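So the chains spell out like this:
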There are 2 protein chains.
Amino acid sequence: MERDTKQRRAIRDIFAREHRPLSTEEVLTAGRAFVPSLGIATVYRTINSLAHEGWIHSVELPGEPIRYERCGKPHHHHFICRGCGLAFDVAACPEDVERLAPPGFVVDAHELVLYGRCPGCHQA
Amino acid sequence: MERDTKQRRAIRDIFAREHRPLSTEEVLTAGRAFVPSLGIATVYRTINSLAHEGWIHSVELPGEPIRYERCGKPHHHHFICRGCGLAFDVAACPEDVERLAPPGFVVDAHELVLYGRCPGCHQA
DNA sequence: GACCAAATGATAACCGATTATCAAGAGTGC
DNA sequence: GCACTCTTGATAATCGGTTATCATTTGGTC
C-alpha cells in the first residue's frame, strides 16, 4: 500500500468529505462516481489499510453493518434514519452517563444511538 | 411447537431467571445444566419460537452477537462488561435524548450502551 | 403400555460478509 | 517510453452464524 492510485484517492476523498460513518457499500457506490470500474475487493483492501494506519476507524451500531469514519473527530454519537438508513453524526452527549450505571459498575465508555427520521426523510 | 418438553422448560426458566440479555451460546451453556444433551439447533428453534410468540425479543448491541431478553420489561439500557463480556440491564436513562439531535431530526427511539467493568470483574 | 405426531440432536447445507487468488492494468523511476 | 513491481478487479474460497435435513427420541392420548 504505497502507490497513489485514483482508487485510493477517491476513497480517501469520500471519507474526508462525508462527515458521517460509511459502510463498504456506500464507499463502493460513492467511489464509482470517480472510478466506475471500482471493485468491492479494492474497497475492502483500502478500508483495511486506512484503518491499519489509523486514518479511519470502525463504527459499530446495533443491528447495522460496520461503518467507518475518519479518526480524530471530537467525541460524538450517531443518528440512524429509518427512512434512508444513513447514519449521521450527533455532536451532543448526555454527559452524566457514568451516574446511570448501578452501584459497583465502573463505566469507561458509552455509546448513544438515536433513531428516527432525518430532515430529508421527515416529510416523506 | 406445542409440546411441553424439558428443553423448552429449561430455556424458558433461564430467561425468566436471568434479568439480562442472553446470547444463544449462553442459553446453550445454561441449558445444559438442566438437559446435558441439549443441542444448539434446539436452542435456535426454541428462541425463534419464543420470539415469534412475543415472549422474548432480540437485543442488538454494537459489535456483539445478538442477545435475547424477556418482553415486557420497563424501558432500560445495557452495560457490557469488558472483563466477563456479559451484558447487564441498566434501569436508568438519560431522559432528554430527543434534545440531543440536531434541528430537523425527529427522534423516535434511542439506545444507550455503557462499557466498563461489572462488580465481579472490577478488582480483577 | 402402545401409538403417532411433534421435538430433538448431530450434522450438512446455506447465507451474507470478508478475504485470497491471479491474470491484467497502471504508478514510479529511469 | 520501458520495465518492473504494486495494485486492481473478477471471482473463488473462506468464515461464523443460522437453518434445514432426517433418523431417533419422547410427550400426549387412548
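Remember, it's a predicted structure, so these values are computed and weren't measured experimentally. (Residues numbered from 1 in each chain as written. Chains lettered and ligands numbered in written order. Predicted model: local features only at pLDDT ≥ 70, side-chain atom pairs only at ≥ 80, totals over all residues. Heavy atoms only, no water.)

Undergrad: Please explain the interface of chain B and chain A as it appears in this structure.
TA: As a measure of interface size, the accessible area lost when the parts come together is often cited. Contacts between chain B and chain A engage 34 residues on the former and 34 residues on the latter. For the pair chain B and chain A, the summed buried area comes to about 2700 Å², and 69% of that belongs to carbon and sulfur atoms. Measuring nitrogen to oxygen at the nearest pair gives 2.7 Å for the salt bridge that ties Arg82 of chain B to Asp108 of chain A. Here chain B is connected to chain A by twelve residue pairs in polar contact (both at pLDDT 80 or more). Only strand E5 (87-90), strand E6 (106-117) and helix H4 (119-122) of chain B provide two or more residues apiece to the side of chain B that touches chain A. With twelve residues, the top contributor of residues to the side of chain B that touches chain A is E6 of chain B. Of the residues that constitute the side of chain B that touches chain A, the class distribution is 23 nonpolar, five polar and six charged. (Contact = heavy atoms within 4.5 Å. Buried area = accessible area lost by both parts, 1.4 Å probe. Salt bridge = Lys/Arg side-chain N within 4 Å of Asp/Glu carboxyl O. Polar contact = N/O pair within 3.5 Å; in protein donor to acceptor, adjacent residues only side chain to side chain. Helix = DSSP H or I, 4+ residues; strand = E, 2+ residues; numbered from the N terminus. Nonpolar A, V, L, I, M, F, W, Y, C, P; charged D, E, K, R; others polar.)

Undergrad: Please clarify how the pairing of E6 of chain B should be interpreted in this entry.
TA: Regular strands place side chains that alternate from one sheet face to the opposite one. Two elements, strand E6 (residues 106-117) of chain A and E6 of chain B, share eleven bridges in a ladder whose sense is antiparallel. Counted as the bridge partner of Arg117 of chain A is Val106 of chain B from E6 of chain B. With four bridges connecting them, strand E4 (residues 77-81) of chain B and E6 of chain B associate as parallel partners. By the bridge assignment, Phe79 of chain B is partnered in E6 of chain B with Leu114 of chain B. (Pairing = 2+ DSSP bridges.)

Undergrad: Looking at this structure, how should I read the environment of Glu25 of chain B?
TA: Residue and element names in this part refer to chain B. Looking at where Glu25 falls in the secondary structure, it is placed in helix H2 (residues 24-32). By relative accessible area, Glu25 is classed as partly exposed at 48%. The sequence separation of Glu25 and Arg99 amounts to 74 residues, and the corresponding C-alpha distance is 38 Å. (Buried < 20%, exposed > 50% of the residue type's maximum accessible area, 1.4 Å probe, protein only.)

Undergrad: Explanation requested: the domain arrangement of chain A in the structure shown.
TA: Residues and elements named next belong to chain A. In terms of domains, chain A is made up of domain 1 (6-70) and domain 2 (77-122). Centre-to-centre, using C-alpha coordinates, domain 1 lies 22 Å away from domain 2. Residue-level contacts link eleven residues of domain 1 with ten residues of domain 2. Of the roughly 800 Å² buried at the junction of domain 1 and domain 2 (both faces included), carbon and sulfur atoms supply 58%. Together, Arg20, Leu61 and Pro62 form the three largest contributors to the area buried by domain 1 at its contact with domain 2, with a combined 48%. The interface formed by domain 1 and domain 2 contains zero salt bridges. (Domains from an automatic or database assignment.)

Undergrad: What should I look at first to understand the pattern of salt bridges in this one?
TA: Note that side chains of opposite charge can pair when their charged atoms are close. Residues and elements named next belong to chain A. This model, assessed by the stated rule, comprises 20 salt bridges over all chains. The salt bridge partner of Lys73 is Glu69, with a shortest N-O separation of 3.4 Å. Residue classification places Lys73 among the partly exposed positions, given a relative accessible area of 27%. Taking relative accessible area as the criterion, Glu69 reaches 3% and is therefore assigned buried. What emerges from the salt-bridge pattern is a single network uniting Glu18, Arg20, Glu26, Glu64 and Arg67.

Undergrad: Is there a simple way to explain the relation of the copies chain B and chain A in this structure?
TA: Note that the two copies of the chain are related through a rotation about an axis and a translation along the same axis. Aligned on chain A, chain B shows an RMSD of 0.0 Å; the corresponding rotation is 180° and the shift along the axis is 0.0 Å. The operation mapping one copy onto its partner corresponds to a two-fold rotation axis. When the interface residues of chain B are mapped onto chain A, 100% of them are again interface residues, pointing to one common binding face. (Least-squares fit on C-alpha atoms with pLDDT ≥ 70 in both.)

Undergrad: Would you mind going over the sheet that holds strand E5 (residues 87-90) of chain A with me for this structure?
TA: Sheet strands pair via backbone hydrogen bonds, and the direction of the pair is either parallel or antiparallel. The strand order across the open sheet built from six strands is E5(A)-E4(A)-E6(A)-E6(B)-E4(B)-E5(B), with neighbouring strands paired in mixed fashion. Only two strands of the sheet have a single partner each, and these edge strands are E5 of chain A together with E5 of chain B. Between one strand axis and the next, the sheet turns through 30° on average, direction left out of account. (Axes fitted to C-alpha atoms, helices over the stretch in contact; angles between N-to-C directions.)

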